[in-house]
Amino acid sequence: MSAEDETGFEPATGDGPRNPAPYGKRDASVRTAFEGMLQIRRLTNIGHANPEGVPAQWETHRPIRAIALALEASGLAASAVDDSGLRTATGYRLEQGEAPGSVRVEWLGPPGSGAAHAEEGELARCAAVLRELGWTVLLYRGPRRRRFLEVEPPAGVPRPNGG
């Protein structure tokens, strides 16, 4: 039994171990979870012309999980860290954004990986996936001119904590 079988499925946020489940099994878990998210959208976004194109309320209360699932299901790579916290893989990394209910998306990798040079194109790919799923995505430059995305629910979709 794998660790994923024992603890349940968690989408990759970029701060966990590399390849947490055996090859193929992880892909099946991601597909199943993503299809479940789309089904929740179809069932709960009844008043929308495109129910799958608007985040469901559960997503706005768990935005890191929802965004991680969307990015992983699209085939984008998540970054990873080892047991000591050193980055071991290049990919997206998610964390709580500045505003309530927002998520910061960065493109990180180990030293010398070239992640900083690839971030513009890779973050554009992340933004395209998230916009297709109805999220509002803004590109910013932070310290050392590193780019990052700030992702939030679209206007009119309630956020947790009244944000």
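Residues numbered from 1 in each chain as written. Predicted model: local features only at pLDDT ≥ 70, side-chain atom pairs only at ≥ 80, totals over all residues. Heavy atoms only, no water.

A.B. asks: Help me understand the pairing of strand β4 (residues 103-108) in this model?
C.D. replies: Within a regular strand, the side chains alternate between the two sheet faces. Most of β4 sits inside the fold, with six of its six residues counted as buried. Burial along β4 is two-sided: V103, V105 and W107 facing one way and R104, E106 and L108 facing the other are all buried. Two elements, strand β3 (residues 91-96) and β4, share six bridges in a ladder whose sense is antiparallel. Residue R93 lies in a different strand from β4, and its bridge partner there is E106. The loop that links β3 with its antiparallel partner β4 comprises six residues; one of these, G101, has a positive phi angle of about 80°. Relative to strand β6 (residues 147-152), β4 is paired through three bridges, and the arrangement is antiparallel. Following the sheet pairing, V103 is matched in β6 by V151. (Buried < 20%, exposed > 50% of the residue type's maximum accessible area, 1.4 Å probe, protein only. Helix = DSSP H or I, 4+ residues; strand = E, 2+ residues; numbered from the N terminus. Pairing = 2+ DSSP bridges.)

A.B. asks: Please clarify how the nonpolar core should be interpreted in this entry.
C.D. replies: As a rule of thumb, soluble globular proteins bury nonpolar side chains together. Residues I67, L71 and V105 are the most contacted members of the largest nonpolar core, which totals 28 residues. Counting residues per element, the ones that place at least two in this core are α2 (25-44), α4 (63-73), β3, β4, α5 (115-132) and β6. When near neighbours in sequence (up to four residues on either side) are disregarded, I67 contacts L94, V103, V105, L130, W135 and V151. (Core = buried A, V, L, I, M, F, W, Y, C linked by side-chain atoms within 4.5 Å. Contact = heavy atoms within 4.5 Å.)

A.B. asks: Quick question: what am I supposed to make of the packing of α2 against α4 here?
C.D. replies: Helix-helix packing is characterised by the crossing angle of the two axes and by the distance between the axes. One can describe the packing of α2 onto α4 by two numbers: an axis separation of 9 Å at closest approach and a directional angle of 125°. When the axis of α2 is compared with that of α4, the two are oblique. The chirality of how α2 crosses α4 is left-handed. Counted together, R26, V30, A33, F34 and M37 of α2 and A66, L69, A70, E72 and A73 of α4 form the full contact between these two elements. (Axes fitted to C-alpha atoms, helices over the stretch in contact; angles between N-to-C directions. Parallel < 35°, antiparallel > 145°, perpendicular 65-115°, else oblique. Left-handed = near helix turned anticlockwise from the far one by under 90°.)

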